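# Chain and residue survey
Here is how the chains run, residue by residue.
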Amino acid sequence: SQQGEEDPQALSIQEGENATMNCSYKTSINNLQWYRQNSGRGLVHLILIRSNEREKHSGRLRVTLDTSKKSSSLLITASRAADTASYFCATEHSGAGSYQLTFGKGTKLSVIP
Amino acid sequence: NAGVMQNPRHLVRRRGQEARLRCSPMKGHSHVYWYRQLPEEGLKFMVYLQKENIIDESGMPKERFSAEFPKEGPSILRIQQVVRGDSAAYFCASSPPSGPTYEQYFGPGTRLTVT
């Protein structure tokens, strides 16, 4: 089973709207991280939330973590065309091999001007 | 402070040739990780190295793939006798020698195309 699955697979919104992406995982984690990837480019680290944290903010980004449901959400407020990218959650699971990041397949966000 | 550097950014190889991908971690980082991304997929862990040591290569294919991180110089991911299925983006990440919870900083990736 895949750790860190994002939902939806694709999302299209108008500029100015909010975008919400969800991530579910299956095993215990040390932390969960969100990354952005523009088409054909590298990954940009957005935010890290530790397993003992419930919510974190960074600019227009808001991340929540519910360890009882093994899920996280990323909210981008007041979206801009420049937010168009793929967004990945990555989990660092606890225990042996805990340094490995396990990525989902990502959510493709399109923000229409 | 320069970020993680990878080169080349694009690499084209014919089937059967060798591919060598290089990664220079961020200054002060002693941990390097290699990931592979197939089209429309997320990144998959391949190998974790510290200077002169392979810590975990559980994500590496058993044959044709090898990685090193020498005392001096960049980390190298080497793919021998490439096949079309090796076509992917290969990302390197680095992290500082602290833990247990830390960010991994990713390079821009090397896009390998096998023709």
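Up top is the structure these notes are about.
### A closer look at the state of the cysteines
Here a disulfide denotes a covalent bond joining the sulfur atom of one cysteine to the sulfur atom of another. Applying the stated rule across the entire model yields two disulfides over all chains. What pairs with A:C23 in a disulfide is A:C89, and their sulfur atoms sit 2.0 Å apart. On the sign convention where negative means left-handed, the S-S torsion of about 65° between A:C23 and A:C89 marks this disulfide as right-handed. Taken together, the positions of A:C23 in strand β3 (residues 19-24) and A:C89 in strand β9 (residues 85-93) put the pair 66 residues apart, joining distant regions of the chain. Classification of A:C23 as buried rests on a relative accessible area of 1%. Take A:C89: its relative accessible area is 0%, and that puts it in the buried class. Two residues, B:C23 and B:C92, share a disulfide whose sulfurs are 1.7 Å apart. Note on the B:C23 and B:C92 pair: the S-S dihedral is about -45°, so by sign convention the disulfide is left-handed.

### What to know about the layout of surface pockets
The volume enclosed by the largest pocket comes to roughly 530 Å³. In terms of lining residues, the largest pocket is bounded by 27 residues, among which A:Q37, A:S86, A:K108, B:Q37 and B:E40 are the most central. At the level of elements, β9 and β11 (107-112) of chain A together with β9 (88-95) and β11 (110-114) of chain B are the ones that each hand at least two residues to the lining of the largest pocket. Of the residues in the lining of the largest pocket, the class split is eight nonpolar, 13 polar and six charged.

Thresholds, definitions, all that
- Residues numbered from 1 in each chain as written.
- Chains lettered and ligands numbered in written order.
- Predicted model: local features only at pLDDT ≥ 70, side-chain atom pairs only at ≥ 80, totals over all residues.
- Heavy atoms only, no water.
- Disulfide = S-S within 2.5 Å.
- Helix = DSSP H or I, 4+ residues; strand = E, 2+ residues; numbered from the N terminus.
- Buried < 20%, exposed > 50% of the residue type's maximum accessible area, 1.4 Å probe, protein only.
- 1 Å grid on protein atoms, 1.4 Å probe; cavity = no way out; pocket = protein on both sides within 12 Å on 5 of 7 lines; lining within 4 Å.
- Points joined across faces, edges and corners; volume = space filled by probe spheres on them.
- Nonpolar A, V, L, I, M, F, W, Y, C, P; charged D, E, K, R; others polar.

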